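Residue-level listing of the chains:
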Amino acid sequence: MQKIVLISTNHSESGKCNSDELYKIIETIRPDIIFEELPNNLFDIIYNGNLKTLPHDTPLELKCVKKYLQNYNAKNIPVDIEISMNQSKDENFMLKTIEEAEDHKKFENEYNSIKFREGFDFFNSNKCLDFLEKKKLIEKEILESSPHKNVLLVTYKSFQKAIESREDAMLQNIYSYSKENKYNRAVFLLGCGHRKSMIKKIQEYDKISKIKLDWRIFYGN
């Protein structure tokens, strides 16, 4: 049975959250397939295009994967769907409302402090799941208290629905690839914000899928 390890990540580097630390984790698993949270168009630009050097703000996962592919015989597969890089006016307003709220700033400071100290041990823990649930509650409270809450809450719901659609598509793409291609071990690198919902979706998908995959959830120390 094909084995896949779900590893929760974070796209920006800070302290123990860096590409070298992620590389150490992946190297212990030695996957022959790496499923990336990346759409086809960006995948082609980064891996198949004329991009010789990665920009300084490149997500740490890409740096890690590039290094792994140089050292091991493996293949990386993009599984995300293309999304618009231009957010709507309502989305920008919603995000700005959340980001400028004091409660959100306090949360982000605490989150970034733990991220710096604990890195991937934190992202792959129940502590992180609880932390991100707290974040959702803070976001909803901020929007609820806004004089523009009617518009903001509709936008927020639509925003979350789009994220769910991406998660569904990524999981479907993994199963489709696994049906058509043989491999022994794979890793699925996915932002920690998707961890809780993806674990649930994996459990549900496994019940209805004709092919069975040996899913493992990575936990930090």
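The coordinates are above.
Residues numbered from 1 in each chain as written. Predicted model: local features only at pLDDT ≥ 70, side-chain atom pairs only at ≥ 80, totals over all residues. Heavy atoms only, no water.

Q: Any chance you could break down the pattern of salt bridges for me, citing the residues and the numbers?
A: All chains considered together, the criterion is met by 13 salt bridges. In this structure, the salt-bridge partner of Glu21 is Lys24, at a minimum N-O distance of 3.1 Å. Linking Glu21 with Lys24, this pair stays in helix 1 (residues 19–29), spanning three residues, or about one helical turn. Connected through salt bridges with shared partners, the residues Glu37, Asp80 and Arg166 form a single ionic network. (Salt bridge = Lys/Arg side-chain N within 4 Å of Asp/Glu carboxyl O. Helix = DSSP H or I, 4+ residues; strand = E, 2+ residues; numbered from the N terminus.)

Q: So what's going on with unusual backbone geometry? Which residues, and what values?
A: The phi dihedral of Arg30 is positive, around 55°, even though this residue is not glycine. Exposure remark for Arg30: the relative accessible area of 42% places this residue in the partly exposed category. (Buried < 20%, exposed > 50% of the residue type's maximum accessible area, 1.4 Å probe, protein only.)

Q: Can you break down the nonpolar core residue by residue, with the values?
A: Ile7, Leu22, Tyr111, Phe123 and Leu189 are the most contacted members of the largest nonpolar core, which totals 38 residues. Ranked by the residues each element gives to this core, the list is headed by helix 7 (residues 126–144), at six residues. (Core = buried A, V, L, I, M, F, W, Y, C linked by side-chain atoms within 4.5 Å.)

Q: Tell me what's going on with the sheet that holds strand 1 (residues 3–9), and back it up with residues and numbers.
A: An order of 3-2-4-1-5 is seen for the five strands of this open sheet, with the pairing classed as parallel. Strand pairing shows two members of the sheet lacking a second neighbour, strand 3 (75–78) and strand 5 (214–217), which therefore form its edges. If you compare each strand with its neighbour and ignore which way they point, the axes differ by 25° on average. Relative to strand 4 (residues 185–191), strand 1 is paired through seven bridges, and the arrangement is parallel. Bridge assignment links Leu6 to a residue of strand 4, and that residue is Phe188. Helix-sheet contacts for helix 8 (residues 149–180) involve strand 1, strand 2 (33–36), strand 3, strand 4 and strand 5, and the interaxial angle to strand 2 is about 155°. Taken strand by strand, helix 9 (residues 195–208) contacts strand 1, strand 4 and strand 5, and its axis lies near 160° from that of strand 1. (Pairing = 2+ DSSP bridges. Axes fitted to C-alpha atoms, helices over the stretch in contact; angles between N-to-C directions. Contact = heavy atoms within 4.5 Å.)

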